[in-house]
Amino acid sequence: MPDAGSGCVLFVDDERAVRLAGQQALELADFSVTACDGAERALRHIGRDWPGCLVTDLRMPQMDGLTLMARVQAIDPELPVILITGHGDVPMAVEAMRKGAYDFLEKPFPSDRLTETARRAVEKRRLVLENRRLRAALSGGGEATHSIVGRTAGIERLRATIAAVADTDADVLVLGETGTGKEMVARSLHAASVRRKRPFVALNCGAMPEAIFESELFGHEAGAFTGASKRRIGRIEHSSGGTLFLDEIESMPLSLQVKLLRVIQERVVEPLGSNELIPVDLRVVAATKVDLKQAAAAGKFREDLYYRLNVVVVAIPPLRERRDDIPLLFQHFVLQAANRYNREPRALSPAQTQRLVSQDWPGNVRELRNAADRFVLGLDEATAEPAPPARSSALSLAEQVDLFEKGLIQSELARHKGSVKAAIEALTIPRKTFYDKLKKYGLNRDDFID
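Calculation notes
Residues numbered from 1 in each chain as written. Predicted model: local features only at pLDDT ≥ 70, side-chain atom pairs only at ≥ 80, totals over all residues. Heavy atoms only, no water. Helix = DSSP H or I, 4+ residues; strand = E, 2+ residues; numbered from the N terminus. Buried < 20%, exposed > 50% of the residue type's maximum accessible area, 1.4 Å probe, protein only. Contact = heavy atoms within 4.5 Å. Axes fitted to C-alpha atoms, helices over the stretch in contact; angles between N-to-C directions. Parallel < 35°, antiparallel > 145°, perpendicular 65-115°, else oblique. Left-handed = near helix turned anticlockwise from the far one by under 90°. Nonpolar A, V, L, I, M, F, W, Y, C, P; charged D, E, K, R; others polar. Polar contact = N/O pair within 3.5 Å; in protein donor to acceptor, adjacent residues only side chain to side chain. Pairing = 2+ DSSP bridges.

Draft legend 1. Expanded view of the overall build of the protein. Regarding its fold elements, the protein presents 18 helices and 12 strands. A total of 450 residues make up the protein; the buried ones form 49% of that total. Of the contacts formed within the protein by residues at least 6 apart in sequence, a portion of 71% connects residues at least 24 apart.

Here you go:
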């Protein structure tokens, strides 16, 4: 689709002169216009995610404007429809507005009336689509959501890498400091792959006692060792068809690394006490917080296993390298904590935002999430405020969307040091809409100027 400028408009009229005049007026106002001479042709362009408005004549042969509006509302009831009417059709147009039409224009109408009505309709459409995106991001309500929150270049690259390799069978090595979200990345890879309906099996190699590590990973037959009264399926076999996530793989005993190498190379597993090789269909995602190449050089990690895992590498930037994401992430965690603790969420003040951004967060996202929990409970020393009262009901979706949107605006104002122009460009919204939202959320751009 070409650059939409002011937005997209689908203009439908069976009269060529009216159609050309409307198209020209809208294009001069920087809209991207698709002109159609009939309703059936127009419907080919309409979809639930179509980012614009429909302008249609009321009286047309074969299918009139009201029928077209009904067909469009069946596809998406929130897509704005502007009706063009003759003088005698005004009562019909008023009735259509009761049924959900956005507005109507009575012939003859000035060009600026058309462009201004279309601009308002397109802006409403943009907000509808943005709110849907926010609802989708927030609908998981917490730990079940594997969305990666952030707008910085490092996070955009991370998302792009995940999208590029998720639907392949390539094994992946995830690099990241403690608390950066390595398991979240692994789950995102699994959720975006064809394996999503099969098991995601996670094993923290650093938390597994060495005495039971081999049995836990590879499984065992009955009688394989004292206490093995029945056959046990190991994590590797259980993950067949899905994804095996090995966190802190640098902690895996060297004696087991050679066995894991065989599993990765040959896609077979041999349980303890068995001579039978069991084929497995799995994808291995390993995660580490250390430089495995250095660990291999020091004899602490098998070099052949390192090179086998080092095919696709996904690096997660630490929080101190993506400071502009901190306000948005913090607000995201505040919403989750408010729902979890049944508390009234609060938005950050500009001073609190600056304090958050200025910290290094050695515990990364995990530490920030804990800080958000304390903030919601009123236990954060930086806020020094009593805990908010418990809510009588869970936070509504509309409240979550508003708070998320407020955090987004705060994040951009903080990132651009109060520059309205830069924040508007980053958020891609009209200036008037931006100022309306500042007023709605009680924000002052001066508070973000250094």
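Draft legend 2. Geometry of the packing of helix α13 (residues 326-341) against helix α15 (residues 364-377). Running from N to C, α13 and α15 point in directions that differ by 55°, and their axes come no closer than 8 Å. Accordingly, the angle class assigned to the pair α13 and α15 is oblique. Note on packing geometry: the crossing formed by α13 with α15 is right-handed. For the pair formed by α13 and α15, the contact residues are Ile326, Leu329, Phe330, Phe333, Val334, Ala337, Ala338, Arg340 and Tyr341 on the first element and Val365, Leu368, Arg369, Ala371, Ala372, Asp373, Phe375, Val376 and Leu377 on the second. Looking at side-chain class alone, the contact of α13 with α15 contains 15 nonpolar, no polar and three charged residues.

Draft legend 3. Fine view of the environment of Ser358. Along the polypeptide, Ser358 turns up in helix α14 (residues 350-358). Residue Ser358 is classed as exposed on the basis of its relative accessible area of 55%. Residues Ser358 and Arg320 lie 38 residues apart in sequence; the distance between their C-alpha atoms is 8.8 Å. From its side chain, Ser358 meets the backbone oxygen of Arg355 in a polar contact 2.9 Å long.

Draft legend 4. Up close: the sheet that holds strand β12 (residues 312-315). Sheet architecture is open: five strands sit in the order β7-β8-β11-β6-β12, paired in parallel fashion. Every other strand in the sheet has two partners, leaving β7 (200-204) and β12 as the edge strands with one partner each. Sheet twist, expressed as the mean angle between neighbouring strand axes with direction ignored, is 20°. Here four bridges tie strand β8 (residues 243-247) to strand β11 (residues 283-288), and the two strands are oriented parallel to one another. Bridge pairing in β11 places Leu244 opposite Val284.

Draft legend 5. Region of the structure containing the pairing of β8. Across the five residues that make up β8, a large majority, five, are buried. Of the two faces of β8, both are covered, the one formed by Thr243, Phe245 and Asp247 as well as the one formed by Leu244 and Leu246. Sheet analysis places β7 next to β8, joined by five bridges and oriented parallel. Considered in β8, the bridge of Leu203 is made with Leu246.

Draft legend 6. Geometry of the environment of Gly7. Note that Gly7 resides in strand β1 (residues 7-12). According to the relative accessible area criterion, Gly7 is buried, its value standing at 8%. In sequence terms Gly7 and Glu123 are 116 residues apart; their C-alpha atoms lie 8.0 Å from each other. Discounting chain neighbours no more than four positions away, the residues touching Gly7 are Asp30, Phe31, Ser32 and Val122.

Draft legend 7. Spotlight on the sheet that holds strand β5 (residues 103-106). Read across the sheet, five strands follow the order β2-β1-β3-β4-β5 without closing on themselves; strand pairing throughout is parallel. Looking at which strands have only one partner, the edges of the open sheet turn out to be β2 (31-36) and β5. Strand-to-strand twist in this sheet, taken as the mean axis angle between neighbours without regard to direction, amounts to 20°. Inspection of the sheet shows strand β4 (residues 81-85) paired to β5 by four bridges, in the parallel sense. Its bridge partner lying in β5, Leu83 is registered against Phe104. Those strands touched by helix α1 (residues 16-28) are β1 and β2, and its axis lies near 170° from that of β2. Along the sheet, helix α4 (residues 90-98) makes contact with β4 and β5, crossing β5 at roughly 165°.

Draft legend 8. Summary view of helix α7 (residues 182-191). Of all the residues in α7, the buried ones are Lys182, Val185, Ala186, Ser188, Leu189 and His190. Looking at the packing, one finds that the buried side of α7 touches α6 (153-165), β6 (172-175), β7, β8, β11 and β12.

Draft legend 9. Broad picture of unusual backbone geometry. Here the bond from Lys107 into Pro108 is cis, since omega is -10°, no more than 30 degrees from zero. With respect to the helices and strands, Pro108 occurs in the loop between β5 and α5 (111-138). Even without glycine at this site, Arg267 takes up a positive phi of about 55°. With respect to the helices and strands, the residue Arg267 is situated in the loop between α10 (254-266) and β9 (268-269).

Draft legend 10. Representation of helix α8 (residues 210-218) within the structure. For α8, every residue scored as buried is listed here: Phe213, Ser215, Glu216, Leu217 and Phe218. Considering only its buried residues, α8 is in contact with β7, α9 (235-238), β8, α10 and β9. One or two positions beyond α8, positive phi appears at Gly219, with a value near 80°.

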